[in-house]
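What follows is each chain in one-letter form.
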Amino acid sequence: MTLQPTLFLMVGLPAAGKSTVAREIESTHRALRLSPDEWMIPLFGESDADGRRDLLEGLLIDVAVRALHLGMNVILDFGLWGRDERTALRTLGEAAGAHVVLRYVDVDEEAQARRIGERWAADPEATFPMSPTDLVRWRAQFEVPTPDELAGSHLDEPPSGSSWAEWARTRWPSLR
Ligand SMILES: Nc1ncnc2c1ncn2[C@@H]1O[C@H](COP(=O)(O)OP(=O)(O)OP(=O)(O)O)[C@@H](O)[C@H]1O
Ligand SMILES: [Mg+2]
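All of these numbers come straight from a predicted model, not from anything done at the bench. (Residues numbered from 1 in each chain as written. Chains lettered and ligands numbered in written order. Predicted model: local features only at pLDDT ≥ 70, side-chain atom pairs only at ≥ 80, totals over all residues. Heavy atoms only, no water.)

Draft legend 1. Broad picture of the packing of aromatic side chains. For the coordinates displayed, the defined rule picks out five aromatic pairs. Each ring, one from Trp164 and one from Trp167, has its centre 5.6 Å from the other, and the planes form 75°; the classification is edge-to-face. Of this pair, Trp164 and Trp167 both sit in helix α8 (residues 164–171), three residues apart, which is roughly one turn of the helix. Here Trp164 and Trp167 have matching classes, each one buried. Cluster of aromatic residues (ring-pair linked, three or more members): Trp81, Tyr104, Trp138 and Phe142. (Phe/Tyr/Trp six-rings, centres within 6.5 Å; stacked < 30°, edge-to-face > 60°. Helix = DSSP H or I, 4+ residues; strand = E, 2+ residues; numbered from the N terminus. Buried < 20%, exposed > 50% of the residue type's maximum accessible area, 1.4 Å probe, protein only.)

As structure tokens, this is what we get:
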């Protein structure tokens, strides 16, 4: 019997501790962890680089879907600030036969600022600069997952005239 694989979607603001939790899941669930910063910084020396992060994420989603079809557990360690992004990836994961788990990692302002400072001091190669103004702006943009979303008990309809798969291909243009 083949066990149903799990797709873990890491959700949270910068320095919330997503990659730390993702590494724990990697070992406890033998899951393939896909963390874009580990690719963006060695490839381009920065975290976004003219939209190439979206291209990289699309390629990593393709890898994730192929791994799920092979029965492997997968972690997409993207942050996923938007409810639409999370719903689209839930739909893709379920279409690939996976059980989908949203792992929301919450952090308050003070701990977030402290962790950013400590991480920058300890390992500047692994991250990128973040100003106090960035942190305020990002927190306002971030859509905190609702309880029904975390429980997976409700799936939003896709934007009108579209499907979540189509929406995902617009959001992540390299996605096949
Ligand atoms: N529960 C925790 N308590 C204290 N420090 C933590 C905790 N979790 C993570 N950290 C520290 O906070 C920093 C940020 O953690 P991590 O890299 O896991 O965050 P992240 O959400 O993946 O950030 P990013 O969005 O920038 O990738 C690291 O230095 C990490 O060691
Ligand atoms: Mg991270």
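Read on, since the account is not over.
Draft legend 2. Layout of the environment of Leu155. Its location among the elements puts Leu155 in the loop between α7 (147–151) and α8. Exposure remark for Leu155: the relative accessible area of 38% places this residue in the partly exposed category. Expressed as a C-alpha distance, the spacing of Leu155 and Arg53, which sit 102 residues apart in the sequence, is 26 Å. Those residues in contact with Leu155, other than ones at most four positions away along the chain, are Thr87, Arg90 and Thr91. (Contact = heavy atoms within 4.5 Å.)

Draft legend 3. Representation of the sheet that holds strand β1 (residues 6–11) in the model. Across the sheet, four strands lie side by side as β2-β3-β1-β4; this open sheet has parallel pairing. In this open sheet, the two strands that pair with only one neighbour each are β2 (31–34) and β4 (99–104). Within this sheet the neighbouring strands show an average axis-to-axis angle of 20°, counted without direction. Note that β2 and strand β3 (residues 73–79) share four bridges and pair parallel. If you follow Arg33 over to β3, its bridge partner there is Ile75. (Pairing = 2+ DSSP bridges. Axes fitted to C-alpha atoms, helices over the stretch in contact; angles between N-to-C directions.)

Draft legend 4. Expanded view of the site of ligand 1. Taken together, Leu13, Pro14, Ala15, Ala16, Gly17, Lys18, Ser19, Thr20, Asp37, Arg115, Arg119 and Met130 form the complete shell of residues around ligand 1. A distance of 3.2 Å separates an oxygen atom of ligand 1 from a polar backbone atom of Ala16. Within the backbone of Gly17, an N or O atom sits 3.0 Å from an oxygen atom of ligand 1. When isolated, ligand 1 has an accessible area of 630 Å², and the protein chains bury 64% of it. (Near = heavy atom within 4 Å. Polar contact = N/O pair within 3.5 Å; in protein donor to acceptor, adjacent residues only side chain to side chain. Areas by Shrake-Rupley, 256 points an atom, 1.4 Å probe, with all protein chains shown as cover.)

Draft legend 5. Focus on unusual backbone geometry. Phi at Arg30 takes a positive value of approximately 45°, unusual for a residue other than glycine. A positive phi angle, close to 45°, is found at Leu80, a residue other than glycine. Topologically, Leu80 is positioned in the loop between β3 and α4 (83–95).

Draft legend 6. Looking closely at the nonpolar core. In this structure, Leu7, Leu9, Ile61, Leu76, Leu89 and Trp172 are the most contacted members of the largest nonpolar core, which totals 35 residues. When contributions to this core are tallied by element, the ones reaching two or more residues are β1, α3 (52–69), β3, α4, β4, α6 (132–141) and α8. Looking at which element gives the most residues to this core, the answer is α3, with six residues. (Core = buried A, V, L, I, M, F, W, Y, C linked by side-chain atoms within 4.5 Å.)

Draft legend 7. Focus on the environment of Asp148. Along the chain, the position of Asp148 falls in helix α7. With 43 residues separating them in the primary sequence, Asp148 and Val105 have C-alpha atoms 16 Å apart. When sequence neighbours within four positions are dropped, the list of residues in contact with Asp148 reads Arg83, Ser153 and His154.

Draft legend 8. The arrangement of the pattern of salt bridges in detail. Per the stated rule, a full pass over the model turns up 17 salt bridges. A salt bridge links Arg114 to Glu110; the nearest nitrogen and oxygen atoms lie 3.9 Å apart. Of this pair, Arg114 and Glu110 are both found in helix α5 (residues 109–122), four residues apart, which corresponds to roughly one turn of the helix. Judged by its relative accessible area of 59%, Glu110 is exposed. Where salt bridges share partners, they join Asp37, Arg53, Asp54, Glu57, Glu85 and Arg171 into one cluster. (Salt bridge = Lys/Arg side-chain N within 4 Å of Asp/Glu carboxyl O.)

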